[in-house]
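# Descriptive analysis of the structure
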Amino acid sequence: MVEDTPRTPAAAATLRPNAIGFVDALAIGLNATSPAYSLAAVIGPIVALVGVHAPGVMLASFVPMVLIASAFYYLNRADPDCGTTFSWVTRALGPTTGWLGGWAITMTGVLVVGSLADVAVNFALLAVGLDGWAANTLIRQALTVLVIVTMAALCVRDTQAAARLQNILVLLQTVCLFVFAAVALYRVYAGTGSPGALRPSLDWLDPFGSGSTALTGGLLLGVFVYWGWESAVNLTEETKDPSSAPGRAGIWSTVVLLATYVSVAFAVVAYAGTGYLTAHADDEEAVFASLAREALGGWDWIVLVAVATSALASTQTTIIPASRTALSMARRHALPRRFALIHDRYRTPAVGTWWVAGTATVWYLFIHQVSENALADSLTALSLLIAFYYALTGIACAVYHRRLLTAGVREFLFIGAGPLVGAGMLIWLLAEAVVDMADPANSSGGTSWFGLGPPLVIALGLSVVGLAVMFARRAVSGAFWAERPTVYEAPLDRPRGTESPEETESPVETERVASSAADRAAEPASLG
């Protein structure tokens, strides 16, 4: 086809190299998980399932996350591509599987960005005393759309400025969270906690204390609270030391999140007690607002600001992986080349960023009209997409590096066995989630869509749309689907640039340069 005919390379804009450093990437990885918002949203449901063992569930949920983070680290070293899972799974397992992984990442952004912006608006209004505005649906929706547009514009305009904002927001929400946790624990030990207050115990770290069935449900929620740390790796082409720093930022993000979640979970469970949290499990993030008023009195704005900044930061950082995955897919002809356009001044994927923001806005407004429960159900559907593409990444790591797995204990454990165990855990959780979501009674509103729970219908619907888009794209341009799986062979400890020609041909650059050259020649590759 005309679109895939190689032509003479032309000059084009690229993503801005060395725009951010390790600390910036770490802040982005942390903020993408929206720690304060995520913890506020799930602490009630987790306690309803496992009681005082909520900190243990947070600890157990960390295991598959850090194992998959190891896969991200080593795959990023082999292929520092902003498309992450899409690019790596394509190289290891083939184009069709890689395309589906890329689609899952872009759809997570579409599903969650509107909800995050809505939470940021709601808690910001509550923090400044505008409760009436927060209760007004029209005002909240208008402000939510404004927040999405503003965050998207910042993503387009300046990666460095976006990173600086993330540094401020992660520091602010972390300080607020630990102030809340410290005050709550102090009041528990001082005997001035709530009527249901409990003294913390190390037994709470046992995730099996409430049985395997409750643990499964808790782990599904736990995976959600850790999700997002890989956003730092999507900025790999814009980060200093791109083959190492983004992967390290991803791993350290999960470690910092573990410390944050476990400590705050201890404080919340100890102060509020299991009875209160179970009774308010359906309140989701609002439970933090009520706890803050009781624990901090007139200083409750500290927690409200923490949740607001958490959701605001995540609104921005969630746009990043979706837009850069679309960019990577377009560079490989898996999506229309327009998604590969890079702003020639700001050096950011402008088209992909605005597409994600626009689609997320439409989804938010549409699903909000269906019902408030439908918005919550769309977030529940996220767990299926997250488990899917994380599991694919773990499998891809072992398959792509399979010739290195016998090189030593480190390679076998951290590149092969670890990622595969993490993937296996996520596949198990994915299967459990499908069974659970098939029952309409387990949905947010207990309603039935086509005889199934709304979250499962949403996830299946997005999958069907994805398959339709993939087949349509393949009919227009089959170049991407002509790619074949490859194997990485270069020793990981060898200094970059010393590989033999045979080794450098397999991993990345030859194919990417050729593909990018064809793209740039076929149409303008930058935006004015």
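Residues numbered from 1 in each chain as written. Predicted model: local features only at pLDDT ≥ 70, side-chain atom pairs only at ≥ 80, totals over all residues. Heavy atoms only, no water.

## Brief notes about the overall build of the protein
To be explicit about the condition: Strands are runs of DSSP state E lasting at least two residues, helices are runs of H or I lasting at least four, and both sets are numbered from the N terminus onward. Each residue is placed in one exposure class: buried if its accessible area under a 1.4 Å probe, protein chains only, is under 20% of its type's maximum, exposed if it is over 50%, and partly exposed if it falls in between. Here, residues are in contact when the closest pair of their heavy atoms is within 4.5 Å. Residue exposure ignores everything except the shown protein chains as possible cover, and the areas themselves are Shrake-Rupley values with a 1.4 Å probe.
Tallying secondary structure elements over the protein gives 20 helices and 2 strands in all. Burial analysis of the protein (528 residues in total) assigns 58% to the buried set. Long-range contacts, defined here as pairs at least 24 residues apart, represent 81% of the contacts in the protein between residues at least 6 apart. Of the accessible surface of the protein, which amounts to about 19500 Å², a share of 66% is contributed by carbon and sulfur atoms.

## A word on helix α17 (residues 409–438)
Note the cut-off: Helix span, as expected, comes to 1.5 Å for every residue beyond the first. Two axes enter the bend calculation: one fitted to the seven residues ending at the residue in question, the other to the seven starting there, and the bend is the angle between them.
Compared with an ideal rise of 1.5 Å per residue, which puts 30 residues at 44 Å, α17 spans 42 Å between its outermost C-alpha atoms and is within 8% of the ideal. A bend of about 35° at A417 is the largest found in α17, and the proline P419 appears one to four places after it. For α17, the set of buried residues is E411, I415, G416, G418, P419, G422, A423, L426, L429, A433 and M437.

## Topic: the pattern of salt bridges
Opposite charge on two side chains allows them to pair when their charged atoms are near. The condition is simple: Only one rule defines a salt bridge in this text: a Lys or Arg side-chain nitrogen within 4 Å of an Asp or Glu carboxyl oxygen.
Summed over all chains, the structure comprises 6 salt bridges. Of the charged contacts in the structure, one is a salt bridge between R410 and E411, with a shortest N-O distance of 3.2 Å. Accessibility expressed as a relative area gives 30% for R410, which makes it partly exposed. You can call E411 buried: its relative accessible area is 12%. One connected set of salt bridges, linked through shared partners, spans D81, E237 and R331.

## A word on the environment of P485
Within the secondary structure layout, P485 lies in the loop between α18 (454–476) and α19 (501–505). Here the alpha-carbon distance between P485 and R91, two residues 394 residues apart in the chain, equals 4.8 Å. The contacts of P485, once residues within four sequence positions are left out, are T90, R91, A92, L93 and G94.

## Looking at the packing of aromatic side chains
Counted only if it meets this: In summary, the pairing rule links any two rings of Phe, Tyr or Trp, Trp by its six-membered ring, whose centres are within 6.5 Å, and it sorts them by plane angle into stacked for under 30 degrees, edge-to-face for over 60 and tilted for everything else.
Throughout the structure, instances matching the rule amount to 15 aromatic pairs. Note on W204 and F266: the rings are 5.5 Å apart at their centroids and 15° apart in plane angle, and the pair reads as stacked. One end of the pair, W204, is in the loop between α8 (159–190) and α9 (212–226); the other, F266, is in helix α11 (residues 245–279), and 62 residues separate them in sequence. Here W204 matches F266 in class, with each residue buried.

## What about the nonpolar core?
Selection criterion: To form a nonpolar core, buried Ala, Val, Leu, Ile, Met, Phe, Trp, Tyr and Cys residues must be joined to one another through side-chain atoms within 4.5 Å.
M58, W99, F288, V307, Y390 and L426 are the most contacted members of the largest nonpolar core, which has 161 residues in total. Per-element accounting of this core gives the leading share, 17 residues, to helix α5 (residues 95–127). Residues within four places of W99 in sequence aside, it is in contact with F86, T90, M329, A334, L335, G466, V469, M470, F480 and W481.

## A look at the packing of helix α7 (residues 137–157) against helix α13 (residues 301–331)
Note the cut-off: Orientation is described by lines fitted to C-alpha atoms, with helices fitted over the stretch in contact, and by angles between N-to-C directions that extend from 0 to 180 degrees. Here the angle decides the label: under 35 degrees means roughly parallel, over 145 means roughly antiparallel, 65 to 115 means roughly perpendicular, and every other value means oblique. Here is the rule for handedness: rotate from the far helix to the near one, and if that takes an anticlockwise turn smaller than a right angle the crossing is left-handed, while a clockwise turn gives right-handed.
Orientation of α7 relative to α13, taken along the N-to-C sense of each, is 55°, at an axis distance of 9 Å. Judged by the inter-axis angle, α7 sits oblique to α13. In the crossing of α7 with α13, the sense of the turn from one axis to the other is right-handed. For the pair formed by α7 and α13, the contact residues are V147, M151, A152, L154 and C155 on the first element and L312, T315, Q316, I319 and I320 on the second.

## A short note on the side chain of T361
Checked against the element boundaries, T361 lands in helix α14 (residues 350–370). In this structure, T361 is in contact with V145 and I148, ignoring residues within four places of it in sequence.

## What to know about the packing of helix α3 (residues 54–78) against α17
Heads up, the rule is: Residue type decides the class: Asp, Glu, Lys and Arg count as charged, Ala, Val, Leu, Ile, Met, Phe, Trp, Tyr, Cys and Pro as nonpolar, and the leftover types, Gly among them, as polar.
Interhelical geometry of α3 versus α17 gives an angle of 130° and a closest axis separation of 8 Å. Classed by the angle they form, the pair α3 and α17 counts as oblique. Along this stretch, α3 crosses α17, giving a crossing that reads as left-handed. Across the interface between the two elements, V63, P64, M65, L67, I68, S70, A71 and Y74 of α3 pack against R410, F414, I415, G418, P419, V421, G422, A423, M425 and L426 of α17. Residue composition of the contact of α3 with α17, by class: 14 nonpolar, 3 polar and 1 charged.

## Some words on unusual backbone geometry
If you check the backbone angles, H333 has positive phi at about 70° while not being a glycine. Looking at the element boundaries, H333 is found in the loop between α13 and β1 (342–343). At F450, a position not held by glycine, the phi torsion is positive, near 55°. Tracing the chain through its elements places F450 in the loop between α17 and α18.

## A short note on the confidence of the model for the protein
For the record, the criterion: Residue-level confidence of the predictor is what pLDDT reports, using numbers from 0 through 100.
Overall, the prediction assigns the protein a mean pLDDT of 80, with 86% of residues at 70 or greater. Here residues 1–12 scores under 50 on pLDDT; set against residues more than four positions off or in separate chains, the count is 22 contacts. Here residues 493–528 scores under 50 on pLDDT; set against residues more than four positions off or in separate chains, the count is 71 contacts.

## Topic: a nonpolar patch on the surface
Counted only if it meets this: Nonpolar side chains (Val, Leu, Ile, Met, Phe, Trp, Tyr) within 5 Å and like charges within 9 Å form the patches, drawn only from residues with over 30% relative accessible area and no salt bridge.
Residues V409, F412, L413 and F414 make up a contiguous nonpolar surface patch of about 410 Å² in total accessible area. Along the chain, the position of L413 falls in helix α17. The exposure class of L413 is partly exposed, given its relative accessible area of 41%.

## Some words on the side chain of S61
Applied cut-off: Nitrogen and oxygen atoms within 3.5 Å of one another constitute a polar contact, given that in protein one can donate a hydrogen and the other can accept it, and given that sequence-neighbouring residues count only through two side-chain atoms.
Within the fold, S61 resides in helix α3. The class of S61 is buried, set by a relative accessible area of 0%. A distance of 2.8 Å separates a polar atom in the side chain of S61 from the backbone oxygen of V57. The residues touching S61, leaving out its near neighbours within four places in the chain, are G218, L219, G222, V223 and Y226.

## Things to note about the environment of A350
The residue A350 is located in helix α14 in this model. For A350, a relative accessible area of 4% translates into the label buried. Each C-alpha atom, one on A350 and one on F339, is 8.3 Å from the other, the two residues being 11 residues apart in sequence.

## Digging into the environment of G247
Locating G247 in the fold gives a position in helix α11. The exposure class of G247 is buried, given its relative accessible area of 1%. In this structure the C-alpha to C-alpha distance between G247 and A232, which are 15 residues apart in sequence, comes to 7.7 Å.

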